[in-house]
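A structural walkthrough
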Amino acid sequence: MNPLEPRPIDLPAKVDLGLRADLAFLDDAKILGAPEDPADLPRWRGKLAEWLIGAYDRTPYDGSHYEVPGREWTQTAYSVALVWLWDDQLYDAETGQFTPDKFVQHGIDDFGGYDAVVLWHAYPVIGIDSRNQFDFYRDVPRLRELVDDLHRLGLKVFFDYNPWDVGTRRAAGSDAEEFAALVTDYAVDGVFLDTLKEGDPAFARALLKANPAIALEGESRLPMARIGDHALSWAQWFADTRAPGVLRAHLFERRHMMHHTRRWNRDHSDELQSAWVNGVGMLVWESVFSSWVGWNARDRATLRRMVAAQRAFAPVLLNGDWIQLTPEVPDKARDHGIYGSRWDLADITFWTLINRDEQDFEGIVLRSEDQVGDWYDVTSGVPITADDEGVHLVVPGRGVTGIVRVGATAGPNCRATARRLGTLPRPHVKDSSFPAAPAQRLPVPAVSGEASIGPAVVVPAGEHALTVRHRRRETGLYDQAPYVEEWKPLPPRLHDIRTVRREVTLPEISVAVSEVTNGEFAEFLQATGYRPRIANRFLQHWVDGAPVAGTEDQPVTYVDLPDARAYAAWRGGRLPTEDEWQVAAGLDEFTRAEPLVWNLTESEHRDGRSRFCILKGGSHYTAEGSDWYADGGPKEPEVSFKLVLTGGGLDRSETIGFRVAG
């Protein structure tokens, strides 16, 4: 399989245009593909209508789910962000405070504003110890305050459910009961169903009992039978035809919101264009499990234009007559790559046009029989007129254009909205280059050579050839997204073991032969009075501020990088880098204390959105039952694990300790 090509399951379904064609197979389609020959478009539209009638006969459905008070927001949630709870836009690691205003303003400036946000919480950290997915929400200080602030700022909030979390600490209740409690306690509006097309019916019933207006959104193609109780779904890795096809679930139920996404892509124009002609939304996901995949300037500008118009004319998109691939686009424009939909409601007509070509198209984009009314280009701020030749406009390369005609009987509010959108300056942006943001290692502290670190091994100065192994997962190792422009990565590539050979130059440095113990850390606290800025989970295994009797010589755990650095500085040293640790581990005197714990290293990296460091050595704990869990068990010195850093004290773990270098 070529990972840069869509799999058969991702491809659009070919609509059989035969007279007696059985269209039931389209019930399982992602996208109902458009024909290559424009002459087939009238018959294709007819077949879409025929399929829709048959689908209603085959699918018990009443649509009442979309009429529940408090769930209406889903129908107009055109832009949703998926964000790591500890993203630098949302959390300040230096002050330990959430920054919702900063996050929301970033969304407005770059993407035209978000309607909702998925607060991603546990993966790829979960499994590093026994904490379950519910712990990774409940242990977050002031999380309810963050949700309330996001509500105040106009966003709806999704929590993430991981059905594959079966091997960590078992909660008192079932998954359904535990997540229903989260929904209640944190005033959650929606639940994102990680890895699932649909939620288990019993799970859904428990959530609806907790909040009758709760909204469910799955990660992929939603079965027909569940459109009736899932208000939203992702259109993830949906391939399309050149003339854009129709999203099957949205055609069946116009109120069902879908969000296009291809998480590893540098170019999002395909998803944006499909969303535009189908009247649905986009998922914005800039930092994918600590790998930077920010949007290019052109696509950000396109989404800003789109969501402004979609929000303004949402009633037309939801309730208007929808003509897919409207025949009003003339041959010259279509040959260039111009396609679009037409939506009619009362005396308002809304055309959503796209340009599949890289080059701008300037010319007649519509030939409308009805030139009466006021015409507006609601995506570029350019006044337009319609005459006998049609509507003359520029549709930017790989971009979109929106045209609204407001007739004489349309209300004044609609006319004012169209006029406002039609006069806002929104210049076309052509820059499609990737806005690289490589992760940078924080400076390694200097040591004086007088560190008091106890028995140590000496890492010789000079060049060292190191072999490093890591499990690729979805995080990569250092600063490169692992699956750029790929379609859905699957095993064996998804969780495969990668080998990296590195030539490094190291100073001569001593590395302690063993980890810092509970007893030694207690001496540090007694001598310095050290207290962390955020106390959450700090030395959680101690009792009354002291190690449990009999554990004084065991490795200290429930400490994070700042805690470990403070101790190392007190000793006149620092943490070893991952390379120093690996070389030291190959020397005879180097030991591992029991119980075995991962070792923090001086390897913190930041890319402006996420932070990570490298762990070495493995631990005594292994979460069983899913490949999505963090690595566990003993590891050879050459194995590295990328720990995506959290905040609020959640980095403190029962399986992570440290040793000192100096």
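As shown above, the structure is provided for reference.
Residues numbered from 1 in each chain as written. Predicted model: local features only at pLDDT ≥ 70, side-chain atom pairs only at ≥ 80, totals over all residues. Heavy atoms only, no water.

Once that is clear, we can look at unusual backbone geometry. Omega for the peptide link from Tyr123 to Pro124 comes to 15°, which places this bond in the cis form. Topologically, Pro124 is positioned in the loop between strand S6 (116-120) and helix H3 (135-138). Residue Glu594 is joined to Pro595 through a cis peptide bond whose omega torsion reads -5°. One non-glycine residue, Phe289, lies in the positive phi region at around 50°. Looking at Phe289, the relative accessible area reads 7%, which means it is buried. A positive phi angle is found at Arg398, which is not glycine, with a value near 55°. Counting through the fold element by element, Arg398 comes out in the loop between strand S22 (390-395) and strand S23 (400-406). (Helix = DSSP H or I, 4+ residues; strand = E, 2+ residues; numbered from the N terminus. Buried < 20%, exposed > 50% of the residue type's maximum accessible area, 1.4 Å probe, protein only.)

Our focus in this paragraph is the packing of helix H2 (residues 100-111) against helix H9 (residues 297-312). Running from N to C, H2 and H9 cross one another at 95°; their axes reach a closest spacing of 7 Å. Judged by the angle between their axes, H2 and H9 are roughly perpendicular. Note on element contacts: H9 touches H2 through Arg300, Leu303, Arg304 and Val307, opposite Ile108, Asp109, Asp110 and Phe111. Classifying every residue of the contact of H2 with H9 by side-chain character gives four nonpolar, no polar and four charged. (Axes fitted to C-alpha atoms, helices over the stretch in contact; angles between N-to-C directions. Parallel < 35°, antiparallel > 145°, perpendicular 65-115°, else oblique. Contact = heavy atoms within 4.5 Å. Nonpolar A, V, L, I, M, F, W, Y, C, P; charged D, E, K, R; others polar.)

Attention now goes to the layout of surface pockets. Considering only enclosed or pocket space, the largest pocket measures out at about 500 Å³ in volume. Within the residue set of the lining of the largest pocket, elements represented by two or more residues are strand S1 (13-14), helix H1 (41-58), helix H11 (331-336) and strand S17 (338-345). Among the elements that take part in the lining of the largest pocket, H1 stands out by supplying four residues, more than any other. Its residues assigned to classes, the lining of the largest pocket comprises 15 nonpolar, four polar and eight charged. (1 Å grid on protein atoms, 1.4 Å probe; cavity = no way out; pocket = protein on both sides within 12 Å on 5 of 7 lines; lining within 4 Å. Points joined across faces, edges and corners; volume = space filled by probe spheres on them.)

This part takes up the side chain of Asn518. With respect to the secondary-structure elements, Asn518 resides in helix H13 (residues 518-528). Using a relative accessible area of 1% as the deciding quantity, one classes Asn518 as buried. Side-chain polar atoms of Asn518 contact the backbone oxygen of Thr551, separated by 2.9 Å. (Polar contact = N/O pair within 3.5 Å; in protein donor to acceptor, adjacent residues only side chain to side chain.)

Moving on, we get to the sheet that holds strand S16 (residues 321-323). One open sheet accounts for five strands, arranged S16-S17-S18-S23-S20; its pairing is antiparallel. Edge positions in the open sheet fall to S16 and strand S20 (374-377), since each of these has one partner strand only. Strand-to-strand twist across the sheet, computed as the mean angle between neighbouring axes with direction ignored, equals 15°. In this sheet, strand S18 (residues 348-355) lies alongside S17 in antiparallel orientation, the contact comprising eight bridges. Opposite Gly340, over in S18, you have Leu353 as the bridge partner. (Pairing = 2+ DSSP bridges.)

The final tally for this structure, using the stated rule, is 42 aromatic pairs. Look at Trp120 and Phe192: their rings are 6.1 Å apart centre to centre, the planes differ by 50°, and that puts the pair in the tilted class. With Trp120 in strand S6 and Phe192 in strand S8 (residues 190-193), the pair connects residues that are 72 residues apart, well separated along the chain. Assessed through its relative accessible area of 2%, Trp120 is described here as buried. We classify Phe192 as buried; its relative accessible area is 1%. Of the aromatic side chains, those joined through ring pairs into one cluster are Trp120, Tyr123, Trp164, Phe192, Trp234, Trp285, Phe289, Trp628 and Tyr629. Directly above the ring of Phe434 sits Arg266, whose terminal nitrogen or CZ lies 3.7 Å from the centroid. The ring of Phe612 has Lys642 lying over it, and the distance from NZ or CZ to the ring centre is 4.3 Å. (Phe/Tyr/Trp six-rings, centres within 6.5 Å; stacked < 30°, edge-to-face > 60°. Lys NZ or Arg CZ within 6 Å of the ring centre and 35° of its normal.)

Below, the discussion takes up the sheet that holds strand S21 (residues 386-387). Judged by pairing direction, the sheet is antiparallel, and its three strands sit side by side in the order S19-S22-S21 without closing on themselves. The outermost strands of the open sheet, each flanked by one partner alone, are strand S19 (361-366) and S21. Alignment of S19 against S22, held across five bridges, turns out to be antiparallel. Bridge assignment links Ile364 to a residue of S22, and that residue is His392.

This paragraph deals with the pattern of salt bridges. Here the structure, examined in full by the defined rule, presents 53 salt bridges. Here Asp149 ties to Arg152 by a salt bridge, and the two come within 3.6 Å at their closest N and O atoms. Of this pair, Asp149 and Arg152 are both found in helix H4 (residues 143-152), three residues apart, which corresponds to roughly one turn of the helix. Residue class for Arg152 comes out exposed when judged on its relative accessible area of 51%. Salt-bridge contacts for Glu286 lead to Arg609; the nearest nitrogen and oxygen are separated by 2.8 Å. On the criterion of sequence distance, the pair formed by Glu286 in the loop between strand S13 (281-284) and strand S14 (287-288) and Arg609 in the loop between strand S30 (605-606) and strand S31 (611-616) is long-range, its members being 323 residues apart. You'll find Glu286 and Arg609 in the same group, each marked buried. Salt bridges sharing partners connect three or more residues here, namely Glu94, Arg565, Glu602, Glu604, Arg606 and Arg611. (Salt bridge = Lys/Arg side-chain N within 4 Å of Asp/Glu carboxyl O.)

On to the nonpolar core, then. One finds Leu119, Phe159, Phe521 and Phe658 to be the most contacted residues of the largest nonpolar core, which totals 166 residues. Ranked by residue count, the leading element in this core is H1, at six residues. Setting aside anything within four residues of it in sequence, one finds Phe658 in contact with Glu515, Val516, Phe521, Val556, Val559, Ala564, Tyr567, Leu575 and Leu600. (Core = buried A, V, L, I, M, F, W, Y, C linked by side-chain atoms within 4.5 Å.)

Time to look at helix H6 (residues 201-210). Those residues of H6 that fall on the buried side of the exposure criterion are Phe203, Ala204 and Leu207. Taken end-on, H6 shows its buried residues confined to a sector of 95°, consistent with a single buried face. Turned more than 90 degrees from where H6 packs its buried face, Arg205 and Lys209 sit exposed. At its buried positions, H6 is contacted by strand S7 (156-161), helix H5 (175-185), S8 and strand S9 (215-218). Two to three positions downstream of the cap, the backbone nitrogen of Ala202 sits 2.9 Å from a side-chain oxygen, assigning the N-cap of H6 to Asp200. (Arc of directions from axis to C-beta.)

Counting buried positions along S17 gives seven out of eight residues, so the element sits mostly inside the fold. Counted between consecutive antiparallel strands, the loop separating S17 from S18 contains two residues, among which Ala346 sits at a positive phi close to 55°.

Here we come to H2. Helical geometry: 3.6 residues make up each α-helical turn, so side chains three or four residues apart lie on a common side. Under the 1.5 Å per step criterion, the end-to-end length of H2 is 16 Å for twelve residues, consistent within 8% with the ideal 16 Å. Looking only at H2, the buried set comprises Pro100, Phe103, Val104, His106, Gly107 and Phe111. For H2, the angular spread of buried residues about the axis comes to 155°, placing them on one side. Contacts from the buried residues of H2 go to strand S3 (79-84), strand S5 (97-98), S6, H4, S13 and H9. After H2 finishes, the residue Gly112 shows a positive phi value of roughly 85°. (Expected span 1.5 Å × (residues − 1).)

Our focus in this paragraph is the pairing of S18. Taking burial as the measure, the eight residues of S18 include eight buried ones, the bulk of the element. Burial along S18 is two-sided: the face carrying Ile348, Phe350, Thr352 and Ile354 and the face carrying Thr349, Trp351, Leu353 and Asn355 are both buried. Both S18 and S23 contribute to a ladder of seven bridges, which runs antiparallel. Each bridged residue has a counterpart across the sheet, and for Leu353 the counterpart in S23 is Thr401.

So, to be careful, I would describe these as geometric facts and stop short of saying anything about function.
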